[in-house]
Amino acid sequence: MNKIYDVNEQGMYIECGTGAIYKHIEWAANERGYATMHYPSSLTCSTVGGFLAHRGIGVSSTKYGKIDDMVLQMEVVLPNGDIIETSPAPKHAAGPDLNQIFIGSEGTLGVMTKAQMRIYEQPESRQFRGFLFHNMTDAFNAGRELLQKFKPSVMRLYDEAETASLIKKIVGVEKKGAFMNIAIEGVKEMADLEMKILLETFGKYGAEDLGSEYGEKWWKEKITFFYPGHMMDIPQCFGTMDTIAPYDKIEKIYWEMKKAIETNFPQAKFIAHFSHWYEWGCMIYDRFIVDGKDVPRDPHEAFRLHQAIWNCGVRTALANGGVVNDHHGVGIKLGRLMKEQYGPAMQVFEGIKKQLDPNGIMNPFKLGL
């Protein structure tokens, strides 16, 4: 299941087994002068099927989309042993999209065995720009307006706490404020025009233009963020509760989650960045961190604390219009919150599960099923 069957330049896709490491299909595309444009932090170790199963996302998603935007067709083995293929075209009016029934289902409905993943021509130009905003509100308004005009490939906003710690340590930004990194790519003439629009738009919101150096450093070090001693300064108790919401709710969710976690758990620190943006909203890569010295020595008490902070954070997001998870998946840990999010709509998932997997053999209890 890790084979690459075809690099189809006419159809602009790679057909591969879902056991293929995504970096391997990226290399196959690169050999022909193309790219997959899917660059998550786990690129070198995660499989095509893993990304499809939990609806993963990469750093260039604002322009190219999530993994569900990058797949054309799939082969799936159903629990009864039947092998099916989804539609040969990802956009159609011949009923619901079968791709979207299985993508994000975390193995509860069938086994995805083969996929056709989109490839793109390598961008002629990739330009970076770093900005510093005085406050989060200006940053959200600037980002929302920009997305009505064009789509950068990378759009990453860090709150003041993460700017003062992680961005200062890795990228070198010493100033106080909320740092945002933007990457624009494509045909050079278009990229130059989009850069002009970017500078004009962000200038309206008082953003300080930091030039290209910080953005280029961010791109170079984008995986370093996750190394021990940076984001994960072990030993610590931490969790990443990524949520997504429209623009009219996202900032309130950020502040309410920060207040709820830091008020109810004084030993915890809440930091966040906003890494994936759309015309209608964006997501929060929000993390709680408890220093190792403040974690109970008893493992049961430590686990209880961890679960309590998770419950507090995710339920606060739900109460203010957010979603349980954006791209890390639900699994068993967050499955209990699916019914809280969907209410009566949960019967749709349960009905599909009962019809396709009446014996419950496929990843039991994932997604709250």
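Here, every reference points to the structure presented above.
All of these numbers come straight from a predicted model, not from anything done at the bench.

Engineer: Residue-level account of the pattern of salt bridges, with values.
Structural biologist: If you walk through the whole model with that rule in mind, you get 21 salt bridges. Its salt-bridge partner being lysine 66, residue aspartate 326 comes within 3.5 Å of it at the nearest N-O pair. With aspartate 326 in the loop between α11 (299-319) and α12 (338-342) and lysine 66 in the loop between α3 (61-64) and α4 (67-70), this pair connects stretches of sequence that are 260 residues apart. Between glutamate 279 and lysine 151 there is a salt bridge, with the nearest N and O atoms lying 3.2 Å from each other. Pair noted here: glutamate 279 is in the loop between β14 (268-274) and β15 (281-291) and lysine 151 is in the loop between α6 (136-147) and β9 (154-158), with a separation of 128 residues, a long-range link. On the basis of relative accessibility, which here comes to 36%, the residue glutamate 279 falls in the partly exposed class. When salt bridges that share partners are traced, they join Glu145, Lys149 and Lys204 into one network.

Engineer: Requested: an account of the layout of surface pockets, with residues and values cited.
Structural biologist: Gaps between atoms show up when a probe of the same size as a water molecule is rolled over them. In this structure, the largest pocket encloses a volume near 660 Å³. Along the walls of the largest pocket sit 30 residues, with Arg55, Ile103, Gly104, Tyr342 and Phe349 positioned nearest its centre. At the level of elements, α5 (98-102), α12 and α13 (346-356) are the ones that each hand at least two residues to the lining of the largest pocket. Here the lining of the largest pocket takes three residues from α12, the largest share from any one element. For the second largest pocket, the calculated volume is near 400 Å³. Residue lining of the second largest pocket: 22 residues in total, with Ser41, Phe226, Tyr285, His327 and His328 positioned closest to the centre. Sorting the residues of the lining of the second largest pocket by element identifies β12 (236-240) and β15 as the ones contributing at least two each. Residues of the lining of the second largest pocket, tallied by class, amount to nine nonpolar, 11 polar and two charged.

Calculation rules
- Residues numbered from 1 in each chain as written.
- Predicted model: local features only at pLDDT ≥ 70, side-chain atom pairs only at ≥ 80, totals over all residues.
- Heavy atoms only, no water.
- Salt bridge = Lys/Arg side-chain N within 4 Å of Asp/Glu carboxyl O.
- Helix = DSSP H or I, 4+ residues; strand = E, 2+ residues; numbered from the N terminus.
- Buried < 20%, exposed > 50% of the residue type's maximum accessible area, 1.4 Å probe, protein only.
- 1 Å grid on protein atoms, 1.4 Å probe; cavity = no way out; pocket = protein on both sides within 12 Å on 5 of 7 lines; lining within 4 Å.
- Points joined across faces, edges and corners; volume = space filled by probe spheres on them.
- Nonpolar A, V, L, I, M, F, W, Y, C, P; charged D, E, K, R; others polar.

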